[in-house]
Structure formats: structure tokens, C-alpha cells
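# Residue-level structure breakdown
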Amino acid sequence: MKSFACGDVVPGCTQTFTGPDDGAVLSQVAVHASADHGLTTVPPELVEQVRAAIVYA
């Protein structure tokens, strides 16, 4: 299982995500980025920051 805490990339955000692999976590993060952070697209640089912060849960 993999885990990501949004606050590791966006200070102050308390959302966390878990999934069986990076792809599942990234899918959840993309929805969150749009709904809660107002991003219409997720820049590649942000994707790399998120990937770097994903850990084994």
C-alpha cells in the first residue's frame, strides 16, 4: 500500500491518500488538486514532487 500526505507538498493541507500503487494515489491527488486547490491541470513538476513524497504505508 502507498500513501501521500498533501501537506508534504502544499503546506497547510491536511488531506492524505492511500492506494495499492503510485497510479492509484496520483489519480486521487489529481481529483483533490482540482476540487480543493483549483488546479485545472497538474503540472509535471508537481507530479514529480508528489511522486517523490509517496511512501509505503
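Read on for an overview of the structure. (Residues numbered from 1 in each chain as written. Predicted model: local features only at pLDDT ≥ 70, side-chain atom pairs only at ≥ 80, totals over all residues. Heavy atoms only, no water.)

### A few points about the sheet that holds strand E3 (residues 55-56)
Quick reminder of the rule: Pairing between strands requires that DSSP locate at least two bridges from one strand to the other. Note on conventions: DSSP H or I runs of at least 4 residues are helices, E runs of at least 2 residues are strands, and numbering of each starts at the N terminus. Whether two residues are in contact is decided by their heavy atoms: any pair within 4.5 Å suffices. Axis definition: a line fitted to C-alpha atoms, over the contacting stretch in the case of helices. Angles run 0 to 180 degrees between N-to-C directions.
Within the open sheet, the three strands sit side by side as E2-E1-E3. Their pairing is antiparallel. The sheet terminates laterally at strand E2 (16-19) and E3, the two strands that pair on one side only. Contacting strand E1 (2-5) and E2, helix H1 (residues 22-37) crosses the sheet at an angle of about 145° to E2.

### Observations regarding the pattern of salt bridges
Heads up, the condition is: Should a side-chain nitrogen of Lys or Arg be within 4 Å of a carboxyl oxygen of Asp or Glu, the pair is scored as a salt bridge. We call a residue buried when its accessible area falls under 20% of the maximum for its residue type, exposed when it is over 50%, and partly exposed in between, using a 1.4 Å probe and counting protein chains only.
According to the stated counting rule, one finds two salt bridges in the structure shown. Between Asp-22 and Lys-2 there is a salt bridge; the shortest N-O distance is 2.8 Å. Of the two residues, Asp-22 is situated in helix H1 and Lys-2 in strand E1; the sequence distance between them amounts to 20 residues. On the accessibility criterion, Lys-2 (15% relative accessible area) is buried. Ionic pairing is found between Arg-51 and Asp-22, a salt bridge with its closest N-O pair at 3.9 Å.

### With respect to H1
Our working rule: Arc definition: it is the arc formed by the directions from the helix axis to the C-beta atoms. Here a polar contact is recorded for every N or O atom pair within 3.5 Å, except that within protein the pair must consist of a potential hydrogen donor and a potential acceptor, and residues adjacent in sequence are included only if both atoms are side-chain atoms.
All buried positions along H1 are accounted for by Val-25, Leu-26, Val-29, His-32 and Ala-33. Seen end-on, H1 carries its buried residues on one side only, within an arc spanning 125°. Along H1, exposed side chains directed more than 90 degrees from the buried face belong to Val-31 and Ala-35. Considering only its buried residues, H1 is in contact with E1, E2 and helix H2 (44-53). Sitting at the head of H1, Asp-21 places a side-chain oxygen 3.2 Å from the backbone nitrogen of Gly-23. Phi turns positive, to about 75°, at Gly-38, one or two residues after H1.

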